[in-house]
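# Descriptive structure summary
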Amino acid sequence: GAGVSQSPSNKVTEKGKDVELRCDPISGHTALYWYRQSLGQGLEFLIYFQGNSAPDKSGLPSDRFSAERTGGSVSTLTIQRTQQEDSAVYLCASSLEASGGYNEQFFGPGTRLTVL
Amino acid sequence: GNSVTQMEGPVTLSEEAFLTINCTYTATGYPSLFWYVQYPGEGLQLLLKATKADDKGSNKGFEATYRKETTSFHLEKGSVQVSDSAVYFCALSVTSGGSYIPTFGRGTSLIVHP
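My aim in this report is to walk through the structure given alongside it, one point at a time. Keep in mind the model is a prediction, meaning the values are calculated, not measured. Each chain has its residues counted from 1, following the order in which its sequence is written. Each chain takes a letter, starting from A, and each ligand takes a number, starting from 1, following the order in which they are written. Confidence filtering applies because this is a predicted model: local features only for residues at pLDDT of at least 70, side-chain atom pairs given and counted only at 80 or more, and all residues used for totals across whole chains, interfaces and linings. Computation of side-chain values covers all heavy atoms of the structure but excludes hydrogens and water.

## Considering the pairing of strand S4 (residues 31-38) of chain A
Residues and elements named next belong to chain A. Where burial is concerned, most of S4 is hidden: seven out of the eight residues are buried. We call two strands paired when DSSP finds no fewer than two bridges between them. Comment: elements are numbered from the N terminus, with helices defined as DSSP H or I runs of at least four residues and strands as E runs of at least two. Here eight bridges tie S4 to strand S5 (residues 42-50), and the two strands are oriented antiparallel to one another. What sits directly across from Gln37, in S5, is Leu43. With seven bridges joining them, S4 and strand S8 (residues 88-95) adopt antiparallel strand pairing. Each residue of the ladder has a partner; that of Arg36, found in S8, is Tyr90. Between buried and exposed lies partly exposed: a residue is buried under 20% and exposed over 50% of the maximum accessible area for its type, with that area taken using a 1.4 Å probe on protein chains only.

## Side note on the pattern of salt bridges
Here, a salt bridge means any Lys or Arg side-chain nitrogen found within 4 Å of an Asp or Glu carboxyl oxygen. Counting across every chain of the model gives six salt bridges over all chains. With a closest N to O distance of 3.0 Å, Arg36(A) and Glu44(A) form a salt bridge. Owing to a relative accessible area of 30%, Glu44(A) belongs among the partly exposed residues under this scheme. For the salt bridge of Asp55(B) with Lys52(B), the shortest nitrogen-to-oxygen distance reads 3.4 Å.

## Re the nonpolar core
Residues and elements named next belong to chain B. As used in this record, nonpolar core signifies buried Ala, Val, Leu, Ile, Met, Phe, Trp, Tyr and Cys residues forming a set joined through side-chain atoms within 4.5 Å. Counting 27 residues, the largest nonpolar core has Leu19, Trp35, Leu47, Leu48, Phe73, Leu75 and Tyr88 as its most contacted members. Broken down by secondary-structure element, the contributors of at least two residues to this core are strand S2 (11-14), strand S3 (19-21), strand S4 (23-26), strand S5 (32-38), strand S6 (45-50), strand S8 (62-65), strand S10 (86-93) and strand S14 (108-113). Here this core takes four residues from S10, the largest share from any one element. If sequence neighbours within four positions are ignored, Phe73 has contacts with Cys23, Leu33, Phe34, Trp35, Leu48, Lys49, Ala50, Ala64, Thr65, Tyr66 and Cys90. Residue contacts are counted whenever heavy atoms from the two residues lie within 4.5 Å of one another.

Written out as structure tokens, the structure reads:
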């Protein structure tokens, strides 16, 4: 079946603009995760959803970042008033569940965000 | 909080050399441990995993053993190939207080020369 897909694959925006990133998880996966990968910084966990709810939002870098998930499927990550330090690759992953023995994550190809 | 520490790279080896990439962790509770790999131009994918102490995960000639006494999950391969050149991420997952926050290491780049 289809893997995790993300759109757009690349996004160039101007400082101060809002951006919306989209993630389509694997069908049937109840858990969905957002990460940020900056050059030389590894993977930074942002937020995860179990179903439509996000039990812990403490990983979001600032209140300019928000995420939602509807229908237990598609998720959007919104960054308001983008700053240059937001430039990174934003990765989405999904798994059957968030915990237990079925939490192998399947990653999407990422969205490369560049803030000028 | 939970954390994962990996050896810094890049690790540069000749083909057929023995590989070890060290990974240690701190976690509350009983984590599952993972190695993910990111080949050039591709997304992360699971390489292997272990869900309890003394379990050995293996795949594509790579192995890692969950060592609770040393809180380690070192990745090994007996004979690397050029095609193994990639970035390797050690990770853990643990459920705590109804919340789940996966933790990844910073990644170790492996470069294998012919």
